[in-house]
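Listed below are the residues making up each chain.
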Amino acid sequence: MKDVIIIGGGPAGILCAAAIKEKSKEFVNVTIVERLEKIGKKILATGNGKCNFTNKNLHPKKYSNAKFVTPTLSTYGHKEITKYLESIGLLSKEISEGRMYPYTESATTVLEVMRMHLNKLGVNIKTNYDVNKVVLRENKYLVYNKNQKNAYLECDYLVFACGGAAAPVLGSNGSGYALLKPYKVKVTDIYPGLVGIKSEITTLKVLNGLRFKCNVSVIEKKSKKSVWTQYGEVQFKGDGISGIVVMEASTFMARRGGNYIIHLDLMPEASLDDTIRMLNIRKDLFENQEVSNLLTGMLPKMLGSVIVKKASIDLSAYVKSLTFSNIKKIAGLIKAFPLDVKGDYGFERAQVTVGGVSLTEIDNETLAIRKMNNAYICGEMIDIDGECGGYNMQWALASGYLVGSKIAESINENA
């Protein structure tokens, strides 16, 4: 009989355990060890609690390294994952833009179905098991528990499904990377990904709570060139901005490195000249109004006031007093409202980790760790991250199931 230990009870670890038990011809003892008091906490937070687990628009290019993820996703794509979850009892539906959710639109349902399936398969689950050391002794891995002195579990196959460093309250706190150091497995620098961006408080404080759809561009400070642009809803906070499009921008900047400024094109449908013409028409229309009212009916009232103020124009002045230079400056701010990037909201509020175990250390056909015998890795712990929309959950589920299948295959061959 072979023993398998999976470190981490997130989506990757859960599907890895299920695949091993489903596909092994011989009896295999599979144990998930989880640092928290329950498994699957990160599942409950996915998709704002609704669990967007995959996307019909799945493509390797949705990930940071398309070549690496291709073998896994070609075997376990969105159809295979959706069908598999259905086979264990989870009904699903598409809500928008290819995003797949449980029919109940509740992440709790997903976790309940998974827990029932693990129980049916006879997977052992040990919670409050905080792994702080992995020792190889006579072809066996000894997995130590920080919470119990000298306590360890022994296994023939070991899976690292520890997650990254994003949202540590949900289980993954980055501690998994340290377990690989004794084996000289390279880990890249890690950064928060899919996270809000901090900017100047003075500009944003009055806009707190506002949501507005616009083009978001990442501008390189040195070259002053736009290196990334995407349309979406921006959520203004007192000290920064958030929303899916902003989180995508944060991941781009984290991977690329460097210094940037964000430009918001608040009227992407209009050119700069069109915007100037519109403002000149409004100048005639509102000539006896205060300048603070110039953009009323064009942009949200508070946003309009912030733009005029940023153009260094007295809000109490009359519209008819505006010069062509004033109009041009306001138009320029509408088309490229600048926000200096001061940082991000950190791992605590990030949805994913940028960076992780180097892809050079892993066989992308099996996700086996090259420098360790009978050791595998899956999910967010790998230097792979995807876009918003269910792609990161899809990677966790697919990579976990692939690893479980490869371990079962190895056990069956050596039985």
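Anything mentioned here points back to the structure above.
The present account deals with the structure reproduced in this document. What you see is a predicted model; the values in this text were computed from it and never measured.

This next bit is on the pattern of salt bridges. Working definition: two side chains of opposite charge can pair if their charged atoms are close together. Scanning the entire structure with this criterion turns up 18 salt bridges. E105 is paired through a salt bridge with K50; the nearest N and O atoms lie 3.4 Å apart. Taken as a pair, E105 in the loop between strand 5 (99-102) and helix 5 (107-121) and K50 in the loop between helix 2 (41-45) and strand 3 (54-55) lie far apart in primary sequence, 55 residues in all. The residue E94 makes a salt bridge to K56 at a minimum N-O spacing of 3.0 Å. With E94 in strand 4 (residues 92-94) and K56 in the loop between strand 3 and helix 3 (66-75), the pair connects residues that are 38 residues apart, well separated along the chain. For E94, a relative accessible area of 40% translates into the label partly exposed.

A separate point is the environment of N414. Inspection of the secondary structure puts N414 in the segment after helix 11 (391-413). Considered as a pair, N414 and Y129 are 285 residues apart in the sequence and their alpha carbons are 30 Å apart.

Time to look at the nonpolar core. Across soluble globular proteins, nonpolar side chains have a tendency to be buried as a group. Judged by nonpolar contacts, the single largest core of 81 residues is most densely connected at V4, I6, I7, V159 and F160. The element that contributes the greatest number of residues to this core is helix 11, accounting for 11 residues. Not counting residues up to four positions away in its chain, the partners in contact with V159 are V4, I5, I6, I7, C16, Y376, C378, V403 and I407. I197, F212, I330 and L333 belong to the second-largest nonpolar core, a separate cluster that totals 44 residues.

Summarising the element assignment, S250 is placed in helix 7 (residues 244-256). Judged by its relative accessible area of 6%, S250 falls in the buried class. Non-local contacts of S250, meaning those with residues more than four positions away in its chain, are made with G193, L194, V195 and I197.

We now examine helix 3. For helix 3, the complete set of buried residues consists of F68, V69, P71, T72 and L73. Lining the buried residues of helix 3 we find helix 11. N-capping of helix 3 is provided by N65, with a side-chain oxygen placed 3.3 Å from the backbone N of K67.

This part is about the packing of helix 1 (residues 11-23) against helix 11. Running from N to C, helix 1 and helix 11 cross one another at 30°; their axes reach a closest spacing of 7 Å. Here helix 1 is positioned roughly parallel relative to helix 11, judged by the angle of their axes. Between helix 1 and helix 11 lies a crossing of right-handed hand. Here P11, A12, L15, C16, A19, I20, E22 and K23 of helix 1 lie close against helix 11, whose contacting residues are M393, A396, L397, G400, Y401, V403, G404, S405, I407, A408 and N412. The residue makeup of the contact of helix 1 with helix 11, split by class, is 13 nonpolar, 4 polar and 2 charged.

Here the focus is the packing of aromatic side chains. Describing an aromatic ring pair means giving the distance of the ring centres and the angle of the ring planes. Per the counting criterion, the structure on display carries 7 aromatic pairs. Arranged with centres 5.2 Å apart and planes meeting at 75°, the rings of Y76 and Y401 form a pair that is edge-to-face. Residue Y76 is found in the loop between helix 3 and helix 4 (78-87), and its partner Y401 is found in helix 11; the two are separated by 325 residues along the sequence. Of the two residues examined, Y76 and Y401, each falls in the buried class.

Put simply, the second largest pocket is a space of about 290 Å³. In terms of lining residues, the second largest pocket is bounded by 15 residues, among which M253, A254, G258, V341 and D344 are the most central. Elements represented by at least two residues in the lining of the second largest pocket include exactly strand 11 (191-193), helix 7 and strand 18 (343-344). Ranked by residue count, the leading element in the lining of the second largest pocket is helix 7, at 3 residues. Looking at the lining of the second largest pocket residue by residue, the classes come out as 8 nonpolar, 5 polar and 2 charged.

Turning our eyes to something else, we now look at the sheet that holds strand 7 (residues 131-137). Pairing is antiparallel in the open sheet, where 3 strands are placed in the order 7-8-9. Looking at which strands have only one partner, the edges of the open sheet turn out to be strand 7 and strand 9 (152-155). This sheet shows a mean twist of 20° between the axes of neighbouring strands, independent of strand direction. Here strand 8 (residues 140-145) pairs with strand 9 via 4 bridges, running antiparallel. Looking at strand 9, one finds that Y141 is bridged to C155.

Basis of the calculations
Residues numbered from 1 in each chain as written. Predicted model: local features only at pLDDT ≥ 70, side-chain atom pairs only at ≥ 80, totals over all residues. Heavy atoms only, no water. Salt bridge = Lys/Arg side-chain N within 4 Å of Asp/Glu carboxyl O. Helix = DSSP H or I, 4+ residues; strand = E, 2+ residues; numbered from the N terminus. Buried < 20%, exposed > 50% of the residue type's maximum accessible area, 1.4 Å probe, protein only. Core = buried A, V, L, I, M, F, W, Y, C linked by side-chain atoms within 4.5 Å. Contact = heavy atoms within 4.5 Å. Polar contact = N/O pair within 3.5 Å; in protein donor to acceptor, adjacent residues only side chain to side chain. Axes fitted to C-alpha atoms, helices over the stretch in contact; angles between N-to-C directions. Parallel < 35°, antiparallel > 145°, perpendicular 65-115°, else oblique. Left-handed = near helix turned anticlockwise from the far one by under 90°. Nonpolar A, V, L, I, M, F, W, Y, C, P; charged D, E, K, R; others polar. Phe/Tyr/Trp six-rings, centres within 6.5 Å; stacked < 30°, edge-to-face > 60°. 1 Å grid on protein atoms, 1.4 Å probe; cavity = no way out; pocket = protein on both sides within 12 Å on 5 of 7 lines; lining within 4 Å. Points joined across faces, edges and corners; volume = space filled by probe spheres on them. Pairing = 2+ DSSP bridges.

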